[in-house]
Every structure is written in structure tokens, then in C-alpha cells.
Amino acid sequence: MAEHKPRPKLVFADNDGNIYDHPELEMLVRRGDRLEPPRPDEIIALPPESELFLLPGRHALGFDPESGEIEQLDEQAVAAFVCPGYTLSATAAYAARANAPTLPLFAYGAVGFSGDRFYVAAARVDEDKRQIFTGISRDRIIKGAKALRAKFPKNRLLEHLTGCALTSCCPAARNLALGRFEAPLPTSRTCNARCVGCLSLQEEGSGFPSTQTRISFRPTAQEIVEVMTEHGRREKRPVYSFGQGCEGEPLTEAKVICEAVARFRQNGGKGTVNINTNASLPDGVEAFAAAGGSSIRVSLSSAEAALYEAYYRPVGYGFAAVRESIARAKAGGLFVSLNFLFFPGISDTEAELAALTELVTEYKVDFIQLRNLNLDPQLYLQVAAGSGALADPARHASMGLANFRKRLRKACPWLKFGYFNPYLEERVE
């Protein structure tokens, strides 16, 4: 018997922030610059630990199934921020007023309501529960953070990370306090890119604040090794990751990172040592591999140079350097992931699929993390338009997340998909 697919109703909010579902109008979604009803196969119940956002200065839009027309309400639009492990297949539909403020750095998923629950257009891309904290008390996190501070009272990196765990509720920092999964190792104060959606440093006049506070010091190799060693003592399948939302580009600090990794390995340190990077400095990638690194995750909003550079706004490097870094990573024996920042209607087009397939095939990329691009949707459309990407007819037809992933997997059958940096047991034991 075929599974019943709900047709969720439009969700909107009044001026007091109360959220309602419309009695007649149905949920509408946005893909790029197109508005349309959601596809039945992409609707899932809103996952636990997700959040609903009100969209100031933006009118809710709904679909009238009888007339086939789109209707605008006076009330405010609502979006969903889906918990980690899920990737959006459509963004929220709304009509922005002329004075609408730029939205903060989150992903804004389309959301509707049916029966007794909210629904979103998204797909689960990773079963890993490393950023799920249901059932874990705050007291346990506080206890873990205080214990780390007491054991390493002079370690500035631990002081920074435990502060993040206690004040900003950073998932990576909370996991460090709990001694589980992946340990964050922020190292760099500076960056050689000016990403439109940078989480830790925004230029004056950007229209929105950073969501994380950038680290203000360079940790020593000893401070880094202490964090790694302590985390490895507590977690049986440890992952250690340089390149966090609270720092710049880690490869600009390749010297201290490589010194720390080499010392960790020389002391018998086990586990997956990863670097999340813009892959701008090929020599740094090569040195990281030689020092004992395991994997590299390359941040990528697009596999097309013009759109990539329009978003990252690189300083002193270009997309050719990114390709060279991937090549050297593979040559050095590193596991290569792409942190593909997915934006429905731009990322899932024929043009992007062709470019990404060529890149993955050329360098035999191992893994793709399908993460959401955290940016005001209209702002990213402006970025894409400025790059010339939207002038390409192949950029105007969205195949959807499911078809995009299916076709990429068919073209590159060795390729794996997920959301988090994988533990690479066979490569480190």
C-alpha cells in the first residue's frame, strides 16, 4: 500500500510571534528564484532539535490548490532551521518588503503544518548522532567543561572551547566537554578569504552580525596536543578537527598545526586528524599530510570558479589553488571530503552537477558532506547573479536534492555522502 503523503498547510506568524497554520492555503517553497509547491517525496516531519524562525519584513506566501495561484498574506513568514544531519531541498517562500532587514547567518527551510506536526522540505543525509543532545543534561556539560579547566588550568585553547560550550552552546565544544565524537581545534586568527557568509568575522555594513566569536590568539603546539591527547583518552573513535566556525583559515597557521600533529603522532596518538579548510594553500596541505594528518574537508559553495569566487571572495588565491590542494591531498594519502554548501535551486542544477561531477572524477574525491548554506536566501541569489551564474540557462531548472544526489552517485559510484567528518579507522590503526 502506498504511503500517504501529507499536503501541509501554509505556516505564518502574527505580530506577537504566535504561529498558525492557514485553513486553506498550502505550503509553498522556493528553489532559486522559483516559487512552487513542494514535491511529495521531499516532505518529512520536522526533526527533533530543529527550530522555527520568524522572518521580519517578509510576508508569508501560500499556494491556493483550487485556483493554482500564489497568495500573499499580511502576516509574517516563518522558516525552519533543521538540525544537523539533514539537508534542505527547498527554502522558505516569502515576499520581502523594501525595508526588510538582512537575515542572520542561518539556513531558512520551507515549513508547513499537517495533522499535529510541522513538515519541512529536507532529507536526512547522515545517521550519525554526534550533534544530538536530547537527554543530556546541561549539568553534565558544565561538569565536563569545569573538569577540563581544572586539569589544564593554563591551556588557553581549552579555556576558549569550554567557554564556547558554556555560553554559546557550540555543539563541537559541548562534545569536547562530554569527551565524545569530534574535538574542535580552532587555531587561526586570520583568513585569506572574505566569505559572504563568514560565521566569525563580518565587515562593517554587511547587514548582519557574526554568529560566532573568532579566536583571538594562536594556540601553541603544546596546547593543541593536550586537547588532542585528553580527547583521545576519553573517546574510543576520536576525530580531531582544525578549522572551526570560530576561526579564520587554518592553513594560514600550517606551521603550528603540523608541529602539533607530528608531536601527537610521535607520542602514539591515534584517531582521525582532520582539517576543515578553504584549500587555498597547497603547500600547507602537503605539509599537513606529511605531519600525520588523516583527512581534509574542502569548503565549496560551487564547483564553478566564477560562482565559487563570488561567494568566497579569495585574497591572493583562486579556484585553481583549490584544485591543486585537492590533488596534493590525494597524492599525500589524505581522505578528501568536500563540504558542499547546498542551496536549493542553485546547487541542484545541470550546470552545477556537471561541474561537480568533473571535479570529483578528476581527483577521485572520497566523500561529500551535504551541508546547508547559512545565508539570507535573497543575498545568495544576488551573489549568484553577480557571478553571471544565473545567465546560464542550465542554472534555471532545479532537479531537486534527491535527484542531484542520485545522479552524482551514479556518475561517481565510489563516492560516499554524509554530513559529518567520518572516523577513518582503517587509515589510522
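Rules used throughout
Residues numbered from 1 in each chain as written. Predicted model: local features only at pLDDT ≥ 70, side-chain atom pairs only at ≥ 80, totals over all residues. Heavy atoms only, no water. Helix = DSSP H or I, 4+ residues; strand = E, 2+ residues; numbered from the N terminus. Rg over C-alpha atoms; globule rule 2.2 N^0.38 Å. Buried < 20%, exposed > 50% of the residue type's maximum accessible area, 1.4 Å probe, protein only. Contact = heavy atoms within 4.5 Å. Areas by Shrake-Rupley, 256 points an atom, 1.4 Å probe, with all protein chains shown as cover. Phe/Tyr/Trp six-rings, centres within 6.5 Å; stacked < 30°, edge-to-face > 60°. Pairing = 2+ DSSP bridges. Patch = residues over 30% accessible without salt bridge, like charges linked within 9 Å, V, L, I, M, F, W, Y side chains within 5 Å. Salt bridge = Lys/Arg side-chain N within 4 Å of Asp/Glu carboxyl O. Lys, Arg positive; Asp, Glu negative; His and termini not counted. Charge placed at Lys NZ, Arg CZ, Asp CG, Glu CD. Core = buried A, V, L, I, M, F, W, Y, C linked by side-chain atoms within 4.5 Å.

### Things to note about the overall build of the chain
- Helix and strand counts for the chain stand at 12 helices and 19 strands.
- Relative to the compact-globule value of 22 Å for 429 residues, the chain shows a C-alpha radius of gyration of 22 Å, a close match.
- Per-residue burial over the chain gives 58% buried out of 429 residues.
- Counted over contacts in the chain with a minimum sequence separation of 6, partners at least 24 positions apart contribute 76%.
- Only carbon and sulfur atoms are counted for the fraction: they give 50% of the accessible area of the chain, which is about 18400 Å².

### Details of the packing of aromatic side chains
- All chains considered together, the criterion is met by 17 aromatic pairs.
- Between Phe 113 and Phe 118, the ring centres sit 4.9 Å apart and the planes meet at 75 degrees, which makes this aromatic pair edge-to-face.
- Judged by centre distance (6.1 Å) and plane angle (80 degrees), the rings of Tyr 311 and Tyr 380 are edge-to-face. A residue pair is termed long-range when its members are at least 10 positions apart, and Tyr 311 in helix α7 (residues 305–312) and Tyr 380 in helix α10 (residues 377–387) qualify at 69 residues. Here the two residues Tyr 311 and Tyr 380 agree in accessibility, since each one is buried.
- In this structure an aromatic cluster arises from ring pairing among Tyr 308, Tyr 311, Tyr 312, Phe 319, Phe 343 and Tyr 380.

### Section: the environment of Phe 404
- By the secondary structure assignment, Phe 404 is in helix α11 (residues 401–411).
- Accessibility expressed as a relative area gives 1% for Phe 404, which makes it buried.
- C-alpha of Phe 404 to C-alpha of Leu 415: the two residues are 11 residues apart in sequence and 13 Å apart in space.
- The contact partners of Phe 404, leaving out residues within four places of it in the chain, are Phe 340, Phe 342, Ser 347, Asp 348, Leu 353, Leu 356 and Met 399.

### Topic: the environment of Leu 375
- For Leu 375, the position within the fold is in the loop between β18 (367–372) and α10.
- Note on Leu 375: relative accessible area 2%, which makes it buried.
- Placed 48 residues apart in sequence, Leu 375 and Tyr 423 show a C-alpha to C-alpha distance of 29 Å.
- Excluding its chain neighbours within four sequence positions, the residues that come into contact with Leu 375 are Leu 105, Phe 106, Tyr 108, Val 196, Gly 197, Phe 208, Tyr 311 and Tyr 380.

### Some points on the environment of Gly 57
- Residue placement: Gly 57 occurs in strand β6 (residues 51–64).
- Distance from Gly 57 to Asn 99, taken between C-alpha atoms, is 6.9 Å for residues 42 residues apart in sequence.
- Aside from chain neighbours lying at most four places away, what touches Gly 57 is Ala 95, Ala 96, Arg 97 and Ala 100.

### Some thoughts on the pairing of strand β1 (residues 9–13)
- Burial runs high along β1: four of the five residues are buried.
- Where β1 meets strand β11 (residues 111–114), two bridges bridge the pair, whose relative direction is antiparallel. Pairing of Leu 10 across the sheet is with Gly 112, part of β11.
- In this sheet, strand β2 (residues 19–26) lies alongside β1 in antiparallel orientation, the contact comprising four bridges.

### Some points on a negative patch on the surface
- A cluster of acidic side chains, namely Glu 24, Glu 66, Glu 69 and Glu 71, defines a negative patch on the protein surface.
- Position of Glu 69 among the secondary structure elements: in strand β7 (residues 69–81).

### Regarding the nonpolar core
- Among the nonpolar cores identified, the biggest contains 88 residues, and Tyr 311, Leu 338, Leu 356 and Ile 368 are the most heavily contacted of them.
- Non-local contacts of Ile 368, meaning those with residues more than four positions away in its chain, are made with Leu 338, Phe 340, Leu 356, Val 360, Leu 408, Leu 415, Lys 416, Phe 417 and Gly 418.

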